[in-house]
Every structure is written in structure tokens, then in C-alpha cells.
Amino acid sequence: YNPSAPAPFNDASSALTAIIGLDLANSGATDVLLTSLTLRFYNDRGFTQSDLRTLTKDIQSGVQLWRDMDGNGIFNPAIELSDAPAWSNDGTASILTFSPKSGNDIASENVDGIYDFFVVIQPDVTSNSLQEYNYDKGDQFHVVVRNADVSLNKPLNTSAALTTSVITIDSCPPAVDATP
């Protein structure tokens, strides 16, 4: 995202990128809700919390929780949160927890291969500004979700541990080089 870039890269929503998809099931139980989701961001090269936009509880946030409302595997819309998540640190990871207020029901009885929830990020306009000048190759991180980091309102058998691949923050819009 860069407000001085050409359209559509000057709009923050153009930089929404899903980095995690969660396929959750209610195992036949009724009224099952995702009550919290904790994410652990690990620095792989130069990553800091400021690489992402400020955390809020709306679409402007640097880290967001979205869901798939129509079963097509695409994230839409953002889930309403009780409060904006806040960063904490355990000495090795930057940690944040989502506490959904609504839109967090788990309707599927089985794991069906279609993601129900998505973790979506937006880089900050100041992230990795040196990449434009080829001084570096981008700040990198990976995210870990431990089994206990996914909380439901009912005691179902949950298994959700995952680690993403390394993610690189790239704040530069695509450019065309017409030089022969």
C-alpha cells in the first residue's frame, strides 16, 4: 500500500492479503463459535510490528480476521471484533489475539477443504521503503498458530496447529520496465 502509487495500489484495500486460511468444523454440535484466535509473528529478516498498519478493529487494521460467508473459499467480510487486537511480546514472537464479537459461527459439520476464516494482513505505507531502491530484499516473517491458540465456545476436539511459510513484505507497486 502506498497512497502516492498509481491506482489501484494507492488504496489500502488493494494490499489486503490472506496469509492463513482455517477450515473449522462443529462436529455436529449446534451454536459453535470461534471465541478467540491467537497469532504468533516471528521475525525472519528485518520484520517489526510497524511493517503492518496500526491494529484497529476495522478494515484499516494491519492484521484482520475475515470469513467466507458464501462457501466459495474467498474472504468476505471482515469479522466484527469486540476490541482491536493489541501486540504483546514473549521475547521471541510478536503476539496478538482476536476476540470476535459476531460473524464467528462455525456452521460446517465436517472439515470440507474450504476455509471458513482467514487471517488477512496489510503492510504499512512506511514498511520496507528501502526496497524501492533495491537496498534490501524485503522484511520477512512467519506466523505460528498453536493448537491452544484456537478457542471455541464449546469443548470440541480441536486440532489447529500450523506454521506459515516465510512471508515477505513488499511495499512497492508493480513497475513496468520498457528498456530494451
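Now for a description of the structure that goes with this document. This one's a predicted model, so the numbers in the text were calculated from it and none came from an experiment.

The next subject is unusual backbone geometry. Its identity as a non-glycine residue notwithstanding, Asp 31 has a phi of 55°, on the positive side. Residue placement: Asp 31 occurs in the loop between strand E1 (17–22) and strand E2 (34–45). Given a relative accessible area of 61%, Asp 31 falls into the exposed group.

All right, on to the pairing of strand E5 (residues 94–98) then. By the criterion of burial, E5 is predominantly enclosed, with four of the five residues buried. Pairing of E2 with E5, which is carried by five bridges, proceeds in the antiparallel orientation. Within E5, the residue paired with Phe 41 across the bridge is Ser 94. In terms of strand pairing, strand E4 (residues 88–89) meets E5 through two bridges, oriented antiparallel. Following the sheet pairing, Asn 89 is matched in E5 by Ser 94. What sits between E4 and E5 in their antiparallel hairpin is a turn of four residues, with Gly 91 showing a positive phi close to 100°.

Okay, the nonpolar core next. Judged by nonpolar contacts, the single largest core of 29 residues is most densely connected at Leu 37, Leu 39, Phe 41, Val 63 and Phe 141. Counting only elements with at least two residues in this core, the list comes to E1, E2, strand E3 (63–67), E5, strand E6 (117–121), strand E7 (139–145), strand E8 (150–152) and strand E10 (167–169). For this core, the element with the most residues is E2, which contributes four residues. Setting aside residues up to four positions removed in sequence, Val 63 forms contacts with Leu 39, Phe 41, Leu 52, Leu 55, Trp 87, Leu 96, Phe 98, Val 119, Val 120 and Ile 121.

Attention shifts here to the sheet that holds E1. With antiparallel pairing, three strands are arranged side by side in an open sheet as E1-E6-E3. The two strands at the open ends of the sheet, each matched to only one other strand, are E1 and E3. On average, adjacent strands in this sheet sit at an angle of 25° to one another, irrespective of strand direction. For E1 and E6, the ladder comprises five bridges, and the chain directions are antiparallel. In the strand pairing of E6, Thr 17 is matched with Ile 121.

Calculation rules
- Residues numbered from 1 in each chain as written.
- Predicted model: local features only at pLDDT ≥ 70, side-chain atom pairs only at ≥ 80, totals over all residues.
- Heavy atoms only, no water.
- Helix = DSSP H or I, 4+ residues; strand = E, 2+ residues; numbered from the N terminus.
- Buried < 20%, exposed > 50% of the residue type's maximum accessible area, 1.4 Å probe, protein only.
- Pairing = 2+ DSSP bridges.
- Core = buried A, V, L, I, M, F, W, Y, C linked by side-chain atoms within 4.5 Å.
- Contact = heavy atoms within 4.5 Å.
- Axes fitted to C-alpha atoms, helices over the stretch in contact; angles between N-to-C directions.

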